[in-house]
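# Results of the structural survey
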Amino acid sequence: MGFRDSQPRPSPARFYFRPAGILVMVALWSDLCDGGDATEHGKTGFGSVAMSWFHSDLPKPAPSLSIKVKEKLKEELVLRVTNMDSKPGALTKKFSVTDDREILEVIDCFGCMLPGWWSMEAHTHKPYPSRYEREGETSKKAAIKEVYIKEISDHSYRWSFRARVTHKNKLIHFNTKRSGCIMSFDIVYIQGTEIRIIGSNNCALALSDKIVQVYSFSGSGGIRHSNQAYTPYEATWEIQANKGMEFTALDEDATFPRIILAKTSILDVCQKERDSFVDVKKKRGSYIQEQIESGVQPIICVKGGKVPDYSGKSLSVIGVSTILSEPETEAVADLREWMTMHWAWVGTQVIMLFRTAGSHGTITGYSTMEACVEITTQNLYDEIKFENEHGGVWTQGWNVEYRGDEWDHQNLRVFVVPHSHNDPGWIKTVEEYYQERTRHILSNVVRSLQKDHRRKFIWEEVSYLKEWWKDASPLEKDGFIALVRNGQLELVGGGWVMNDEANTHYYAIIEQMTAGNLWVVDNIGVAPTNAWSIDPFGHSSTMAFLLKRMGFRNMVIQRTHYEVKKSLASKKSLEFIWRQNWDSKNTTDILCHMMPFYFYDIPHTCGPEPAVCCQFDFWRIPGYSNVLPCPWGRRPEAITDKNIEEKAAMLLDQYRKKSTLYKTNMLLVPLGDDFRYSSAAEAEAQFSNYQKLFDFINANSRMKMDVNFGTLEDYFQALHGTGVTDFPALSGDFFAYADKEDDYWSGYYVTRPFYKALDRLLEETLRAANILFVFTQLKCNSTFGRLLLKEFRQNLVLATENLALFQHHDGITGTATNHVVADYADRMHNSLVGLQKSMLASVELLLFNQKKQNANWFELEQSRSHFTLLPVKKVINLTANHMHRVTIFNPLAMIVDHVMVLLVDSPLFCVFDKKMRSIKSQVAPEWTKESLFTGRHRAQWETHLPALGFETYFLMESNSYGFCQKAVLATLTISENGIACPEPYQCTTFPNSKDIQISTRTQTLGFSHSGFMKWIKDTQTQEKIRVEEEMLYYSTQGGAYVFSPLREADPLVEKGGLLIMAQGPIMEELHLVPKSKFGGKPIMRSARIFKMTSIVEMEYYVELTGRVFDNKEVIVRFKTGIENKRTFFTDSNGFQAVARKTYDKIPLQGNYYPMSSLACLQGHGHRFSVHSRQALGAASLGNGWLEMMLDRRLSTDDGRGLEQGIMDNRPVNIVFHLLLEKNISEQPPSSSQMQSLLSHSIGAKLNYQPIVYLGKAEAFENSEVGSLVLMQKEFPCDVHLVNLKSLKSSHERSDVLQYGLTLYRSGWDRSYEKNGFKVYDEQGLNLFDIFQPVQVQNIVQSSINFVHDSIQVGYIEQTPRMERAGPGKRKGFIDLNPMELQAFKFSAVKQDATISE
Ligand SMILES: [Zn+2]
């Protein structure tokens, strides 16, 4: 929570103090300096202060607090709190503050707000005798008929009413021409109407020391218009108390409200005009120490807070405002309930209150790292009823109407945008589609556009364009470029593919966009600025963020829930500013156009009525394309002089109707479909018929319409040109997607998990390979090296393209046909093999400076022989009596502790570090699915790996090396009698009584006798949290896309499984082979806990390969004791966490969300996280539950065009790292930054694992040790090295090389233990000093696709600050904000020197 960045201005004076406890901000104080010219309300002055309590590690120090006060930005006054006095259970708290001149008694303004805060002025202003009060009490004149306050006006000459005084504004002394004072108080009538009474001089003093009470008031005249600038309620009148006014104290009467609060959400506050008043109820961190310690989260109500004049993101509490803590009203009770339910969302909107510069005690509230938006998708979900009401001709909408005069002053301008959606693989492979369709489409489009300069077109997929570029004639290519240059043809998005947004990881999205965008820049000479994503099955906010940081200005999306579309359309909010929910500075804003209807084809894009729009898809004219009828009946006809008037009117009507859903007089009408414009005839049918219609409409001024072909750029330029700026800001994402009824596309989060896992393996390998390439290139100067680099470069390019291809929305989604999946997987597998080969050679070169032909000294510890198979581990042949070398590359920019597990052929061995010191190790037998004990063993030991570096260990059979620490034999416990205990281990059986346990010093995992996890215990505090593991399955009838469960999940397993437990000094493991209801072993689970790291690893082997599993979807569910009220988090593309909520109004399948790498839930100070190595789907269907789907097998198609089930399941290993954390404070996290540092670190280590190389025994005669560190210093723990890669392709010989570096600084939740991690704030980052053998030069900031250098891509431009740091040494510090991705280009000088340790 960096309030540093969000400091409100003006803020000349604040102070902070630090007792123990929790990060909270407290506003307190009144007139430290009452020096303002205090003659008006709310005038800005100076000399105000704010305090904050920070968390500190000290255990409850005495309340001796240092307070620094800055006055007028110049003077400093140091105050000390000398005493803190609080009554147990009371809301009030007093403490004394000394400024060394006098002791002031302060009452905590939040604890005693009504009205004690204002009574603080009593310290400096002694009240005058209350003569008027005395008179008031004694005055008992004849009653005047009571009036309703709301009827009061300047005609109300005599008036009388009873009311409660709710708020006394500050007594103001003035000393101008004459001295005196004024005061006002607000009163509330029994019905809740409010009015203000203002008195001056003595009159003002009458009530100044009274507490809230009910009075009867009467008087005559004195009614005048109120000054709305200081009136926080609706009344337009106020009463000027005069001598005739009388008032009498009455008995307390509860029927008079104590305060009237109009509910306002923080979001609404953002919308208020400046200087308007709002009432806000808000939760904050607790500020009263007792409350902090008891974990209470008080609710503050602010009545009459003022929205100041800067960006609407703060709330000032001025003199007329009232603040209450925990008032007992119904509204607060509601709010408390709401907060319990929605903790996560509230958490994103923390208001910090500061007392600042106002002379009348202004408190300014502001939020940190919180976007100010009108719409959050979560709020939409709360609002929408999901009733799927039938809308008439627009089934999912309503009967759209218009008056007809809407365009009297401005014509409707329609941009018809021809497009062709080309899937790089779906029913057919990318190559098949290219040959049969796409190459013709591209050629056709060029020819058609050349015929008429009014014709336009947009193109998205660069993977296809690159293929066509190889085949096209120079004339065609020149034609293509000319069309782009003259604006007829626009490259939109320009990614390698149109990527999926649910399963993809941000690393791969950046890679695929960069691959496409750089190709476009290099070959066409333009950079795409408008994104076009019309087919991915739901849209992520991370994608919007990435596009923004790539320099995109506008984007178009299509597949969002039909109810969400309808809701946004009804608010004219289908065009919005998409903003990240953590972005308080609006640097992530990108304009998004959401298409309103069911689909992107022509029947669903011209207007709300598909039956009409279909008649304007001229490729459906009978005779052209007989396979494509209009399912709604009437088919199109060619446009002729006869029918043109009727047809133009029909089309005009649809355009007009559609335009009523948007704010401006600009209308976007896509014109295309899958693989369209594939023949000249088709292109002519569309272009010429439409042109006839356009010419007719444009020539007819009564139609008030200008309609033309356009590109996205044409449309968005016109849109921005309208001057309309009130597009609402929106945060959140669009999952789960439903296209109709209860058809939720949540199945594809999991479909074909085997290939989703392969994708991530390729990602982490490509990342590591890019890094190794950079260092190899910098070191390499031999002929052999250049050959190696050439091949390495080719392998990198190929792997990048194949990884990019798989990010396609029918690739990683698993929604292609079997042979297409095989094509993708084969490409990925080959890429993997190629990268691994180059990396092996590069490792040798880096470690041993080998200038000879590839020495082939290393081999991979594990590899796979076919794309459908799981990797196989190499067995180290210890009995061969060699010293075996194990070299490990850590690709992370942080030091990693990792437990190595290798397969060996003997249990008798010792492990040595690189200095040949014998170290602790453990050995356990190997078991597999096929055979319980294989006779082989698993060697286990702890490694410490340098950041971005290599470490080497040695193994040797202990018989041949006398004096070393022999591997400790694991103790085995086996569930079944009759199984032979493997030699040379000792076996026991499980005792019947207690839960089975495996443990480390910090954590113990408890299991039932069936082998399922039951609980996790903190070994030190003995606190035990229920975490019950269940293996279940859904019976379903969906398909590749749609998850469609028939009922709740059923148990998959029965009693009587097999259990093996292995325990030792390095790790403990419990292996479970449950008995399946369906026979076979469809699922096995290994639970592991590592002594060094305390990481809890759960590995699930899933094999749904038999027909008996048809239409079954297998899940693992953890039922925890954590009260999450069915709210939880899943990550968005591995970049940020998104809060999710389970709704009863949505069916089960609609409550499933994509997880790329994380799902977690929290409540009551505990958080349970599941980190994953691959994309899956997750849900929280019951209180405290978290479930992940592991695999699905479907015999049927789900009617979305694929026309097959999913039956090609492969055995898959799914690995989770579980984390149970207890928070150290209750600071509400913002959802996107809710991961702790520990969770970030676990996620990174799971996803970017060490790469293990085995030295071939014969290769190391001379015991050269290969240990190498490529970084000077590890990164701060919250900074991740996303990418480091070589950018230029043809300059291997060049001495100056160009590199790209991408960094991500994560946000993290400070209410969890820091665990000793060093973070960016403490360490900073100096770009010149990152890497070990590299001389970094000429650093420039770039967009994350490396397309735009030093252009505005949202964040503040910067060049690294140069600082002298000792003789001849420069420092290149950069500023990196939390939740920020930044890319840099730099050059580096080749070094001839050998890299040494
Ligand atoms: Zn598609």
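Scroll up to find the structure this text is about.
Keep in mind the model is a prediction, meaning the values are calculated, not measured.

### Brief notes about the overall build of the protein chain
Scanning the protein chain from terminus to terminus reveals 23 helices and 72 strands. For the protein chain, the residues scored as buried account for 65% of the 1397 residues in total. Looking at the protein chain alone, contacts between residues at least 24 apart form 73% of all its contacts between residues at least 6 apart.

### Notes on the sheet that holds strand β42 (residues 937–945)
In space, the five strands of this open sheet follow the order β36-β38-β42-β41-β44, with mixed pairing throughout. Since the sheet does not close on itself, it has two edges, and those belong to β36 (875–876) and β44 (968–969), each with one partner.

### Quick notes on the packing of aromatic side chains
Scanning all chains against the criterion turns up 54 aromatic pairs. Aromatic pair Trp 469 and Trp 519: ring centres 5.5 Å apart, planes at 90°, arrangement edge-to-face. With a gap of 50 residues between them, Trp 469 in helix α10 (residues 462–471) and Trp 519 in helix α12 (residues 506–523) connect regions that are remote in the sequence. The exposure classification of Trp 469 matches that of Trp 519, with both residues buried. Above the ring of Tyr 1248, the side-chain terminus of Arg 767 is found at 4.7 Å from the ring centroid. The aromatic ring of Trp 1015 is capped on one face by Lys 1024, whose charged end is 4.3 Å from the ring centroid.

### Topic: the state of the cysteines
Under the defined criterion, the tally for this structure stands at four disulfides. Put simply, Cys 614 and Cys 630 are joined by a disulfide, and their sulfur atoms are 1.9 Å apart. Measuring the twist about the S-S bond at about -95°, one finds the Cys 614-Cys 630 disulfide to be left-handed. Note that Cys 614 is positioned in the loop between α15 (610–613) and α16 (644–659) and Cys 630 in the loop between α15 and α16, a separation of 16 residues in sequence. As far as the burial class goes, Cys 614 and Cys 630 line up, both buried.

### A look at the packing of α16 against helix α17 (residues 680–699)
In the contact formed by α16 and α17, the axes pass within 10 Å of each other and the chain directions differ by 85°. Accordingly, the angle class assigned to the pair α16 and α17 is roughly perpendicular. For the pair α16 and α17, the contacting residues are Ile 644, Glu 645, Lys 647, Ala 648, Leu 651, Leu 652 and Tyr 655 in the first and Tyr 690, Lys 692, Leu 693, Phe 694, Phe 696 and Ile 697 in the second. Of the residues belonging to the contact of α16 with α17, the class tally is ten nonpolar, no polar and three charged.

### A look at the nonpolar core
Grouped together as the largest cluster of nonpolar side chains are 297 residues, with contacts concentrated most on Phe 480, Tyr 655, Phe 1216 and Leu 1303. Element by element, the count of residues in this core is highest for helix α21 (residues 818–848), at 15 residues. Ranked by size, the runner-up nonpolar core spans 24 residues in total, among them Val 417, Val 492, Trp 532 and Ala 718.

### Thoughts on the pattern of salt bridges
Tallied over the full model, the rule gives 62 salt bridges. Across the pair Lys 1125 and Glu 1123 runs a salt bridge whose closest N-O atoms are separated by 3.9 Å. For Glu 1123, a relative accessible area of 37% translates into the label partly exposed. Salt bridges linked by common partners bring Asp 617, Arg 620, Asp 673, Arg 676 and Glu 682 together as one network.

### Structural notes on the pairing of strand β45 (residues 971–974)
Pairing of β45 with strand β52 (residues 1053–1063), which is carried by four bridges, proceeds in the antiparallel orientation. Bridging from a neighbouring strand, Thr 971 pairs with Gln 1063 of β52. Sheet topology places β45 next to strand β46 (residues 987–989); three bridges connect them, and they run parallel. Opposite Ile 974, over in β46, you have Thr 989 as the bridge partner.

### Section: the coordination of the zinc ion
Donor atoms from the polypeptide that bind the zinc ion are His 421 (NE2), Asp 423 (OD), Asp 535 (OD) and His 809 (NE2), placed at 1.9 to 2.1 Å. On the basis of relative accessibility, which here comes to 5%, the residue Asp 535 falls in the buried class. The buried category is assigned to His 809, whose relative accessible area is 1%.

### What about the packing of α12 against helix α13 (residues 541–549)?
Direction vectors running N to C along α12 and α13 enclose 45°, while the axes themselves pass 11 Å from each other. One way to sum up the angle between α12 and α13 is to call them oblique. Here α12 and α13 pass one another in a crossing that is right-handed. On α13, the residues touching Tyr 506, Ile 509, Ile 510 and Met 513 of α12 are Thr 542, Met 543, Leu 546 and Leu 547. Across the contact of α12 with α13, the residue classes tally to seven nonpolar, one polar and no charged.

### Details of the environment of His 1240
Locating His 1240 in the fold gives a position in helix α22 (residues 1237–1247). Taking relative accessible area as the criterion, His 1240 reaches 16% and is therefore assigned buried. When sequence neighbours within four positions are dropped, the list of residues in contact with His 1240 reads Gln 1235, Ser 1306, Gly 1307 and Trp 1308. Of the polar contacts made by the side chain of His 1240, one reaches the backbone oxygen of Gly 1307; its length is 2.8 Å.

### Digging into the side chain of Thr 429
Structurally, the position occupied by Thr 429 is in the loop between β21 (412–421) and α9 (430–451). Of the residues examined, Thr 429 reaches a relative accessible area of 8% and is grouped as buried. With near-sequence residues (within four places) excluded, Thr 429 lies in contact with His 819, Val 820 and Asp 823.

### Focus on the pairing of strand β57 (residues 1127–1132)
Here β57 lies mainly inside the structure; six of its six residues are buried. Inspection of the sheet shows β57 paired to strand β60 (residues 1158–1163) by two bridges, in the antiparallel sense. In the sheet register, Phe 1129 faces β60, and the bridge partner there is Cys 1160.

### Quick look at unusual backbone geometry
The step from Phe 735 to Ala 736 runs through a cis peptide bond, and the omega angle for that step is -10°. Structurally, Ala 736 can be placed in the loop between β30 (729–731) and β31 (738–740). Put simply, Glu 983 and Pro 984 share a cis peptide bond, and its omega is -5°. Its place among the elements puts Pro 984 in the loop between β45 and β46. The backbone phi angle of Tyr 677 is positive, close to 60°, even though this residue is not glycine. Taking the relative accessible area as the measure of exposure, Tyr 677 reaches 1% and is therefore buried. Within the chain, Met 1379 stands out as a residue other than glycine whose phi angle is a positive 60°.

Thresholds applied
- Residues numbered from 1 in each chain as written.
- Predicted model: local features only at pLDDT ≥ 70, side-chain atom pairs only at ≥ 80, totals over all residues.
- Heavy atoms only, no water.
- Helix = DSSP H or I, 4+ residues; strand = E, 2+ residues; numbered from the N terminus.
- Buried < 20%, exposed > 50% of the residue type's maximum accessible area, 1.4 Å probe, protein only.
- Contact = heavy atoms within 4.5 Å.
- Pairing = 2+ DSSP bridges.
- Phe/Tyr/Trp six-rings, centres within 6.5 Å; stacked < 30°, edge-to-face > 60°.
- Lys NZ or Arg CZ within 6 Å of the ring centre and 35° of its normal.
- Disulfide = S-S within 2.5 Å.
- Axes fitted to C-alpha atoms, helices over the stretch in contact; angles between N-to-C directions.
- Parallel < 35°, antiparallel > 145°, perpendicular 65-115°, else oblique.
- Nonpolar A, V, L, I, M, F, W, Y, C, P; charged D, E, K, R; others polar.
- Core = buried A, V, L, I, M, F, W, Y, C linked by side-chain atoms within 4.5 Å.
- Salt bridge = Lys/Arg side-chain N within 4 Å of Asp/Glu carboxyl O.
- Donors = N, O, S within 2.8 Å, 3.2 Å for Na, K, Ca; no water.
- Left-handed = near helix turned anticlockwise from the far one by under 90°.
- Polar contact = N/O pair within 3.5 Å; in protein donor to acceptor, adjacent residues only side chain to side chain.

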